[in-house]
Amino acid sequence: MATISSVVAREVLDSRGDPTVEVEIGTSDGARGWAIVPAGASTGRAEALDLRDGDSERYDGRGVLKAVGNVQGPLRQAVLGMDPTDQPAIDQRLCEVDGTPRKTRLGGNAILGVSLAAAHAGAAVSKVPLYRHISRLWNAGSPAHSPTHSPRIPLPMTNMISGGLHAGGNLDFQDFLVMPVGAPSYTVALEWIVRIYRRLGKLLIDGNYEGRLVGDEGGYGPRLPGSRAVCEFVVRAIESAGLRPGEDVTIAIDVASTHFYDGSHYRLKEVGGARLTSPQMIEYLERLVDEFPITSIEDGLAEEDWAGWTELTRRLGSRVRLVGDDLFATHEDRLRRGVAQKAGNSVLIKVNQVGTLTETMRTMRLAQTSNYGRVVSARSGETEDATMTDLAVGTATKLIKIGSITRSERLAKYNRLLRLEAELGPDAINW
């Protein structure tokens, strides 16, 4: 049996030029696996700690040398000699060494780097692609009565226009995306997305908006007056691409409402800075759904507005996908509360919110058994690491949210899906 024989960490840069943690694991039989940890700008309070150095000069305090040191110190000692294919045991050991709910002692970024690098090493030892290794882990951890799931290609949700914390607060809502629901294959879906994106850029320029400025995830960052104007432009772009809004392509929005919630009201600049109650915010979202082909709303209400989420789900849950990001933070206990309170009907999956691959998959499994949709998502601070793509494919997740199609940290994931579709065949699409 091969065992973990080396663990090396280093500080590298993400797509925003911020430091992040890279971990490389070697095994006794010569196999190797590496991973780079992403980072978010729009983060929920329940997320695992992204440990930063905090000094005032170096990288403006954003360095991760403390996290790197924790990998090469206590975390390395914890996993040396372990079986790299036994992901649950590795992740349990990592959590025990840290000993805190949010990984505040050693850092969620340090722990996740080891967890994901171990998964890559486990796949290398097993001589299978990462998505196949993840599929084995997924099926092995499912309840005995559950059917096994083969790897599948997810439908991309692709950023077209960015706002909120991803684009300097130019819009209240954070992301406006398209979903090519009518595409017969992933290859066709990706071409549709690129076509829409290019048509949208031209429409923005023709409208005298700064269409070439982009946000953190590659979406356009124009200073439009509000959400209705954005949706109108996206619909026009879909039509300009020769596609049918609502049939070939639908719209998804990420409201990220926690960031304009003051504890009792939602303050929207696009309605004159009005302070909206939860029922009023729900009515505002409902009007958008009535007017535009919107089929998914993420974080429509704030992360602790549980009563509001229940009412939002009652009002819109049968019409659109209501995705909890900050609400659930990929944590099993928060999702369990959401299921009990009928809050939302889908969960966004971000591995760095919870800190290990095993914990991520537990949350995904709870979503599956509770009939909640799953959306595997990138972060605004991404890298060339495409692990999230293999996670989505290996767990047969229906939706993936990568970002836009203009920056290499995003294209690494889109291109990985092209290769996996070629490998798995045309029948592997999951929509």
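Placed above this text is the structure.
Residues numbered from 1 in each chain as written. Predicted model: local features only at pLDDT ≥ 70, side-chain atom pairs only at ≥ 80, totals over all residues. Heavy atoms only, no water.

> It is not clear to me how the pairing of strand β12 (residues 373-377) should be interpreted in this structure. Could you clarify?
Within a regular strand, side chains alternate between the sheet's two faces. Counting buried residues along β12, 5 of its 5 residues qualify, which places the element largely inside the surrounding structure. By the alternation rule, side chains of β12 split into Gly 373, Val 375 and Ser 377 and Arg 374 and Val 376, which are all buried. Pairing between β12 and strand β13 (residues 399-403): 3 bridges, direction parallel. Bridge pairing links Val 376 to Ile 400 in β13. Each parallel crossover has a hand, and for β12 linked through helix α12 (residues 387-394) to β13 it is right-handed. (Buried < 20%, exposed > 50% of the residue type's maximum accessible area, 1.4 Å probe, protein only. Helix = DSSP H or I, 4+ residues; strand = E, 2+ residues; numbered from the N terminus. Pairing = 2+ DSSP bridges. Right-handed = clockwise from strand over helix to strand, strands pointing away.)

> Where do I start with the packing of helix α2 (residues 87-98) against helix α11 (residues 357-369) in this structure?
Between two packed helices, the angle of one axis relative to the other and the distance separating the axes together describe the packing. Running from amino to carboxyl end, α2 crosses α11 at an angle of 110 degrees, the nearest separation of the two axes being 8 Å. Considering their axes alone, α2 and α11 lie roughly perpendicular with respect to each other. Contacts between α2 and α11 involve Gln 87, Pro 88, Asp 91 and Cys 95 on the former and, on the latter, Leu 357, Thr 358 and Glu 359. A class-by-class count of the residues in the contact of α2 with α11 yields 3 nonpolar, 2 polar and 2 charged. (Axes fitted to C-alpha atoms, helices over the stretch in contact; angles between N-to-C directions. Parallel < 35°, antiparallel > 145°, perpendicular 65-115°, else oblique. Contact = heavy atoms within 4.5 Å. Nonpolar A, V, L, I, M, F, W, Y, C, P; charged D, E, K, R; others polar.)

> Got a minute to help me understand α2 in this structure?
Think of an α-helix as 3.6 residues a turn; residues three or four steps apart then line up on the same face. End to end, α2 covers 17 Å across 12 residues, agreeing with the expected 16 Å (1.5 Å per residue, within 8%). Those residues of α2 that sit buried are Gln 87, Ile 90, Asp 91, Leu 94 and Asp 98. When α2 is viewed along its axis, its buried side chains cluster within an angular range of 95 degrees and face the same direction. Looking at the packing, one finds that the buried side of α2 touches β1 (4-13), α1 (65-79), α3 (108-126), α4 (130-140) and α11. At the C-terminal side of α2, Gly 99 shows a positive phi close to 75 degrees. (Expected span 1.5 Å × (residues − 1). Arc of directions from axis to C-beta.)

> Explain the sheet that holds β12 here, please?
Strand pairing in a sheet takes place through backbone hydrogen bonds and is either antiparallel or parallel in direction. Strand order in the closed barrel formed by 8 strands is β4-β5-β6-β9-β10-β11-β12-β13, with mixed pairing between adjacent strands. Averaged over all neighbouring strand pairs, the angle between strand axes comes to 30 degrees, with direction disregarded. Across 4 bridges, strand β4 (residues 155-162) lies against β13 in parallel orientation. Bridged to Thr 158 within β13 is Gly 403.

> What is the right way to look at the environment of Thr 383 in this model?
Relative to the elements of secondary structure, Thr 383 occurs in the loop between β12 and α12. Taking C-alpha positions, Thr 383 is 6.6 Å from Pro 38, a pair spaced 345 residues apart along the chain. When residues no more than four places from it in sequence are discounted, the contact partners of Thr 383 are Leu 13, Asp 14, Thr 20, Ile 36, Val 37, Glu 409 and Lys 413. A distance of 3.1 Å separates a polar side-chain atom of Thr 383 from the backbone nitrogen of Asp 385. (Polar contact = N/O pair within 3.5 Å; in protein donor to acceptor, adjacent residues only side chain to side chain.)

> Is there a simple way to explain unusual backbone geometry in this structure?
For Lys 103, which is not a glycine, the phi torsion comes out positive at approximately 55 degrees. Structurally, the position occupied by Lys 103 is in the loop between α2 and α3. With a relative accessible area of 3%, Lys 103 lands in the buried category.

> Where do I start with the pairing of strand β3 (residues 32-36) in this structure?
Where strand β2 (residues 19-27) and β3 come together, 5 bridges link them in antiparallel fashion. Among the inter-strand pairings, Ile 25 is bridged to a residue of β3, identified as Gly 33.

> Can you walk me through the packing of aromatic side chains in this structure?
How two aromatic rings sit relative to each other is given by the distance of their centres and the angle of their planes. Scanning the model with the defined rule gives 9 aromatic pairs in all. Ring centres 6.4 Å apart and planes at 85 degrees place the aromatic pair Phe 173 and Tyr 284 in the edge-to-face group. With Phe 173 in the loop between β4 and β5 (175-179) and Tyr 284 in helix α7 (residues 278-291), the pair connects residues that are 111 residues apart, well separated along the chain. Aromatic side chains Tyr 209 and Phe 233 sit 5.8 Å apart centroid to centroid with 85 degrees between the ring planes, which places their arrangement in the edge-to-face category. Residue Tyr 209 is found in the loop between α5 (186-206) and α6 (227-240), and its partner Phe 233 is found in helix α6; the two are separated by 24 residues along the sequence. What makes Phe 233 buried here is its relative accessible area of 9%. (Phe/Tyr/Trp six-rings, centres within 6.5 Å; stacked < 30°, edge-to-face > 60°.)

> Looking at this model, I keep getting lost on the nonpolar core. Mind explaining?
As a rule of thumb, soluble globular proteins bury nonpolar side chains together. One finds Phe 173, Ile 253, Met 281 and Ile 297 to be the most contacted residues of the largest nonpolar core, which totals 116 residues. The contacts of Met 281, once residues within four sequence positions are left out, are Phe 173, Val 255, Phe 260, Tyr 266, Leu 268, Leu 276, Gly 300 and Leu 301. (Core = buried A, V, L, I, M, F, W, Y, C linked by side-chain atoms within 4.5 Å.)

> Would you explain the pattern of salt bridges in this entry?
Charged atoms that come close allow side chains of opposite charge to pair. In this structure the tally under the stated criterion is 33 salt bridges. Between Asp 254 and Lys 401 there is a salt bridge whose closest N-O contact spans 3.3 Å. Pair noted here: Asp 254 is in strand β6 (residues 250-254) and Lys 401 is in strand β13, with a separation of 147 residues, a long-range link. Judged by its relative accessible area of 6%, Lys 401 is buried. (Salt bridge = Lys/Arg side-chain N within 4 Å of Asp/Glu carboxyl O.)

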